[in-house]
Amino acid sequence: PSSDCVMAEQLCLSDSTCNATYRTLENCALAKTRLLSLDHDSRVRCLNAELDLGNSSLLHCRCHRRMKRQEHCLRIFWTVHSSMTDAENNCESPLPSTVEHWKTDYNKLAALVSGKNCSQLAGDATNPCLRATHVCNLSKKCFRLRTDYASICTKGAGSEDVCDRRKCHRGLRNFFEKVPEDFTKRILFCPCQDEFCGERRRKTIVPDCSFQYNTKPNCLWLLDSCLEDHICKSRLADFQQNCQPVDMSPDGCSLHNHAACLQAYMGMIGTPMTPNYVSNSSVEVSLWCTCENSGNQKEKCDQILGMFESNKCL
């Protein structure tokens with residue numbers, strides 16, 4: 001079984017041979033992060049260092065959703081796989097899928113609150129997104145973490161002040177990582193029949209701060225920003241692995257596991273490549289970016305945007 005990269009690193013550092021190899025890979029990863037061009041000998045040395053790990057637990061280690069020190073774990077993973085040019089190399093995702101089942105019993109949760117709130121919940125049948133929010137409020141953790149990110153993401157959003165997008169993204173990641181998925185999925189994927197409900201769903205992630213810029217950047221810029229971030233890079237690999245569309249497949253999805261794809265989609269929220277619904281009246285999603293003025297990289301740019309806009313798995 002895949003070991004935890006943090007534990008694998010500790011084991012490696014206690015062995016002199018593995019330690020030396022790992023330090024070489026750290027230098028390779030650092031050079032890549034700083035966009036330093038390596039000569040031929042240096043590139044060969046980096047590749048050989050990765051191969052020298054052989055059957056080391058470091059080579060096969062993975063990180064896990066909701067784990068402590070996740071960012072440190074992902075840094076170790078990408079250090080070990082530093083010869084990968086970027087997440088588009090079809091590198092296996094460092095985040096193995098562990099899809100949780102949706103087990104929330106709405107009636108049981110509703111029974112926990114007072115009569116007034118119970119009637120309020122009963123009246124939310126026509127707006128599933130409002131109902132999902134009220135059910136979240138019944139959980140102290142869901143209510144606290146949702147309030148936390150909403151407070152951060154609304155500061156400065158829509159005014160002359162610029163919101164702190166980095167803090168907003170961190171708050172969103174905390175919410176989607178620490179709150180049980182049977183709460184978060186219902187809030188994000190609530191089914192809507194009218195635009196009032198759709199507007200609430202679209203604004204779940206406070207898009208004025210977490211999603212939109214004053215002007216749409218090029219999608220390749222978003223990709224570059226993502227590949228410079230260990231968390232985003234890992235979650236993009238996870239998304240590509242679990243949301244791989246295939247035209248010849250009956251459901252249009254290679255793994256036939258839409259729950260895993262939705263989980264990977266949720267993982268992208270709170271990263272530089274945060275997606276969101278494009279309108280109040282549809283379930284279509286997109287990145288906030290454009291492929292105009294992409295020059296000879298237009299095809300690559302369209303592929304990045306198409307991963308969300310025309311992905312049958314979603």
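Keep in mind that this is a model prediction, so the values were computed, not measured.

The rules behind the values
Residues numbered from 1 in each chain as written. Predicted model: local features only at pLDDT ≥ 70, side-chain atom pairs only at ≥ 80, totals over all residues. Heavy atoms only, no water. Phe/Tyr/Trp six-rings, centres within 6.5 Å; stacked < 30°, edge-to-face > 60°. Buried < 20%, exposed > 50% of the residue type's maximum accessible area, 1.4 Å probe, protein only. Patch = residues over 30% accessible without salt bridge, like charges linked within 9 Å, V, L, I, M, F, W, Y side chains within 5 Å. Areas by Shrake-Rupley, 256 points an atom, 1.4 Å probe, with all protein chains shown as cover. Salt bridge = Lys/Arg side-chain N within 4 Å of Asp/Glu carboxyl O. Lys, Arg positive; Asp, Glu negative; His and termini not counted. Charge placed at Lys NZ, Arg CZ, Asp CG, Glu CD. Helix = DSSP H or I, 4+ residues; strand = E, 2+ residues; numbered from the N terminus. Contact = heavy atoms within 4.5 Å. Core = buried A, V, L, I, M, F, W, Y, C linked by side-chain atoms within 4.5 Å. pLDDT = per-residue confidence, 0-100. Disulfide = S-S within 2.5 Å.

Below, the discussion takes up the packing of aromatic side chains. Counted by the stated rule, this structure contains 7 aromatic pairs. Seen in terms of ring centroids, F77 and W78 are 5.0 Å apart; in terms of plane orientation they differ by 90°. Their pairing is edge-to-face. Residues F77 and W78 agree in their burial class; the two are buried. Geometrically, the ring pair formed by F175 and F176 is edge-to-face, given 5.1 Å between the ring centres and 80° between the ring planes. You can call F175 buried: its relative accessible area is 0%. Taking relative accessible area as the criterion, F176 reaches 9% and is therefore assigned buried.

A cluster of basic residues, K155, R166, K167 and R170, forms a positive patch at the surface. Residue placement: R170 occurs in helix α9 (residues 165-178). When its relative accessible area of 40% is taken as the criterion, R170 is described as partly exposed.

Counting through the fold element by element, Y213 comes out in the loop between α12 (207-210) and α13 (219-227). Judged by its relative accessible area of 25%, Y213 falls in the partly exposed class. Here the alpha-carbon distance between Y213 and C289, two residues 76 residues apart in the chain, equals 9.1 Å. If sequence neighbours within four positions are ignored, Y213 has contacts with R165, W221, L222 and W288.

Turning to helix α10 (residues 181-188), a few remarks are in order. Of all 8 residues in α10, 8 are buried, a share of seventy percent or more. Taken as a whole, α10 has its buried residues at E181, D182, F183, T184, K185, R186, I187 and L188.

Another aspect to go through is helix α4 (residues 70-80). A large share of α4 lies buried, amounting to 8 of its 11 residues. Turning to α4, its buried residues are Q70, C73, L74, I76, F77, W78, T79 and V80.

Applying the stated criterion across every chain, the model contains 8 salt bridges. The partner of R75 in a salt bridge is E9, and the shortest N-O contact between them spans 3.7 Å. Residue R75 is located in helix α4, and its partner E9 is located in helix α1 (residues 5-13); the two are separated by 66 residues in the primary sequence. Since its relative accessible area comes to 26%, R75 is described here as partly exposed. Residue classification places E9 among the buried positions, given a relative accessible area of 9%. A salt bridge links D302 to K298; the nearest nitrogen and oxygen atoms lie 2.9 Å apart. Taken as a pair, D302 and K298 lie in helix α16 (residues 298-309) at a separation of 4 residues, close to a single helical turn. Residue D302 is classed as partly exposed on the basis of its relative accessible area of 35%. Taking relative accessible area as the criterion, K298 reaches 38% and is therefore assigned partly exposed. If you follow the salt bridges from partner to partner, you end up with E9, R23, E26 and R75 in one network.

Another point: the nonpolar core. One finds F175 and M273 to be the most contacted residues of the largest nonpolar core, which totals 50 residues. In terms of residue count, α13 provides more of this core than any other element does, 6 residues in total. Leave out the neighbours within four places in its chain, and M273 touches L222, L223, C226, C232, L236, M268, L287, I304, M307 and F308.

In this section: the confidence of the model for the protein chain. Per-residue pLDDT for the protein chain averages 80, and the proportion of residues at 70 or more is 80%. Predicted confidence in the protein chain is weakest over helix α6 (residues 115-122), with a mean pLDDT of 41, and strongest over strand β1 (residues 275-277), with 96. Throughout residues 84-90 the model reports pLDDT below 50, and contacts reaching past four residues in sequence, or to other chains, amount to 16 contacts. Of the regions scoring below 50 in pLDDT, residues 99-123 engages in 35 contacts with residues more than four places distant in sequence or in other chains.

By the element assignment, L172 lies in helix α9. The exposure class of L172 is buried, given its relative accessible area of 0%. Taking the C-alpha atoms as reference points, L172 and I152, separated by 20 residues in sequence, lie 9.5 Å from one another. Ignoring anything within four residues of it in the chain, the contact list for L172 reads Y149, I205, S210, I269 and G270.

Further remarks concern the state of the cysteines. A complete count under the given rule lists 13 disulfides for this structure. The disulfide partner of C129 is C190, and the S-S distance across this bridge is 1.9 Å. Negative torsions about the S-S bond denote left-handed disulfides, and the value of about 90° found for C129 with C190 makes this one right-handed. Of this pair, C129 sits in helix α7 (residues 128-137) while C190 sits in the loop between α10 and α11 (195-202); the two residues are 61 residues apart in sequence, bridging distant segments of the chain. By relative accessible area, C190 is classed as buried at 2%. Residue pairing for C291: its cysteine sulfur links by disulfide to C301, the two sulfurs lying 2.2 Å apart. Here the disulfide of C291 and C301 is left-handed, its torsion about the S-S bond being about -95°. Taken together, the residues C291 in the loop between β2 (285-287) and α16 and C301 in helix α16 connect sequence positions 10 residues apart. Take C291 and C301: they sit in the same class, and that class is buried.

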